[in-house]
Amino acid sequence: MSYKFLLSIAMAALFQPLCAQKEIRLFPDKAPGEKITYIEKNDQSGEWVGGQPVLRKTDVGIPEITIYPAPNPTDKSAAVLVCPGGGYHILAYDLEGTEVCSWLNSIGMTAVLVKYRVPRREGHPKHEAPLQDVQRALSYVRYHAEELHIHPDRIGIMGFSAGAHLSAMASSLFKTRTYSDIDEMDQVSCRPDFCLLVYPAYLSESNFSLAPEVKISKEIPPTLMIQAQDDAAFIDSSLFYFYALKQAGVPAWLHIYSKGGHGYGLRNTGFAVNEWPARAADWFKELKLIP
């Protein structure tokens with residue numbers, strides 16, 4: 001079966017309507033550490049990818065999740081939290097969010113779109129507030145797994161660019177919650193069971209070293225990385241992180257394509273890297289997350 005055929009299936013999934021779901025606030029009051037009020041904004045006037053504009057969200061002060069159930073909600077499914085990228089400044093909300101949720105639904109998985117706080121909070125690490133949001137989101141989904149028809153031990157995370165960096169942080173820093181417990185949900189594990197990183201950013205530094213916030217242990221969940229060689233600014237994030245996982249004995253997969261650049265999402269940009277959803281589906285099958 002050719003990658004072009006598989007790509008056509010994935011692209012068709014992008015345009016299937018998602019079942020409308022209500023956004024769920026992650027924190028009952030203000031999110032941890034928030035002192036000012038942000039007015040959320042949407043913008044489609046800038047970047048285009050694959051012949052379509054990109055919906056960019058910014059000034060997110062109220063972190064939320066939107067749950068898109070698997071096609072057969074009476075059966076328990078695996079679930080994937082989706083973290084859009086955007087340099088921790090904006091969220092590429094359709095390109096790396098809603099379109100990804102549609103694809104996950106099309107292969108039988110529940111999708112959870114995470115609207116984490118952006119832009120970066122001045123005077124704090126770039127991922128500090130987003131990691132609080134993602135840890136809370138993972139615990140929320142696991143706490144409510146029964147009513148959401150989700151297997152509580154099959155809850156993973158995936159992200160793109162900065163969202164992939166955030167997913168890696170969630171996969172490695174799960175032992176210590178990054179905010180004070182609010183309720184009994186925060187007693188539930190925030191460790192993802194698997195992790196998919198698509199063109200991850202910010203994981204590496206020079207001389208084959210990882211960024212200082214990246215902590216490696218054998219308890220990191222199985223991880224798949226998708227990368228294009230000509231993504232010059234960030235290819236080392238995938239290469240160095242993969243090597244570190246290998247050294248720690250963490251099951252890891254890495255697919256590298258020669259061309260494709262950065263920021264393609266699931267859209268057709270004319271490169272072989274666009275067939276990555278088929279490779280990810282194979283990986284989900286290998287982990288027995290989908291039939």
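In what follows, the structure referred to is the one given above.
Residues numbered from 1 in each chain as written. Predicted model: local features only at pLDDT ≥ 70, side-chain atom pairs only at ≥ 80, totals over all residues. Heavy atoms only, no water.

Trainee: I'd like a rundown of the sheet that holds strand β5 (residues 56-58), residues and numbers included.
Mentor: Taking strand neighbours across the sheet as the criterion, the three strands line up as β2-β5-β8 in an open arrangement whose pairing is antiparallel. The open sheet terminates on both sides in strands that have one partner only, identified here as β2 (41-43) and β8 (91-92). The pairing of β2 with β5 spans three bridges and is classified as antiparallel. Note on β5: the bridge partner recorded for asparagine 42 is lysine 57. (Pairing = 2+ DSSP bridges. Helix = DSSP H or I, 4+ residues; strand = E, 2+ residues; numbered from the N terminus.)

Trainee: How would you sum up helix α5 (residues 235-248)? Please name residues and give values.
Mentor: Over its 14 residues, α5 runs 20 Å from end to end, which matches the ideal 20 Å to within 8%, given 1.5 Å per residue. All buried positions along α5 are accounted for by Ile235, Ser237, Ser238, Phe240, Tyr241, Ala244 and Leu245. Buried residues belonging to α5 abut α4 (162-172), β11 (195-198), β12 (204-205), β13 (209-210), β14 (223-228) and β15 (252-257). In the stretch just after α5, glycine 249 is the one whose phi turns positive, near 80 degrees. (Expected span 1.5 Å × (residues − 1). Buried < 20%, exposed > 50% of the residue type's maximum accessible area, 1.4 Å probe, protein only. Contact = heavy atoms within 4.5 Å.)

Trainee: Report on the pattern of salt bridges, specifying residues and quantitative values.
Mentor: Opposite charge on two side chains allows them to pair when their charged atoms are near. For the coordinates displayed, the defined rule picks out 20 salt bridges. In this structure, the salt-bridge partner of lysine 175 is glutamate 219, at a minimum N-O distance of 2.7 Å. Placement of the pair is lysine 175 in the loop between α4 and β11 and glutamate 219 in the loop between β13 and β14, with a sequence separation of 44 residues. Look at glutamate 219 and you get partly exposed, because its relative accessible area is 33%. The structure contains a network of salt bridges with shared partners spanning Glu23, Glu40, Lys57, Glu64 and Lys115. (Salt bridge = Lys/Arg side-chain N within 4 Å of Asp/Glu carboxyl O.)

Trainee: Explain the pairing of strand β7 (residues 77-83) to me, using residue names and the numbers behind them.
Mentor: Most of β7 sits inside the fold, with seven of its seven residues counted as buried. Sheet topology note: the β7/strand β10 (residues 150-160) ladder contains six bridges and is parallel. Of the residues in β10, the one forming a bridge with cysteine 83 is glycine 159. Note that β7 and strand β9 (residues 110-115) share four bridges and pair parallel. Opposite leucine 81, over in β9, you have valine 112 as the bridge partner.

Trainee: Kindly report on the pairing of β11, identifying the contributing residues and their values.
Mentor: In the case of a regular strand, side chains alternate between the two sheet surfaces. The side-chain alternation of β11 yields two buried faces, one formed by Cys195 and Leu197 and the other by Leu196 and Val198. As paired strands, β10 and β11 are joined by four bridges and run parallel to one another. Paired with isoleucine 157 across the two strands is cysteine 195, which belongs to β11. Handedness of the crossover is the feature at issue here: the chain leaves β10, passes through α4, returns alongside β11, and the resulting connection is right-handed. With four bridges joining them, β11 and β14 adopt parallel strand pairing. For leucine 197, the partnering residue across the bridge sits in β14 and is methionine 225. (Right-handed = clockwise from strand over helix to strand, strands pointing away.)

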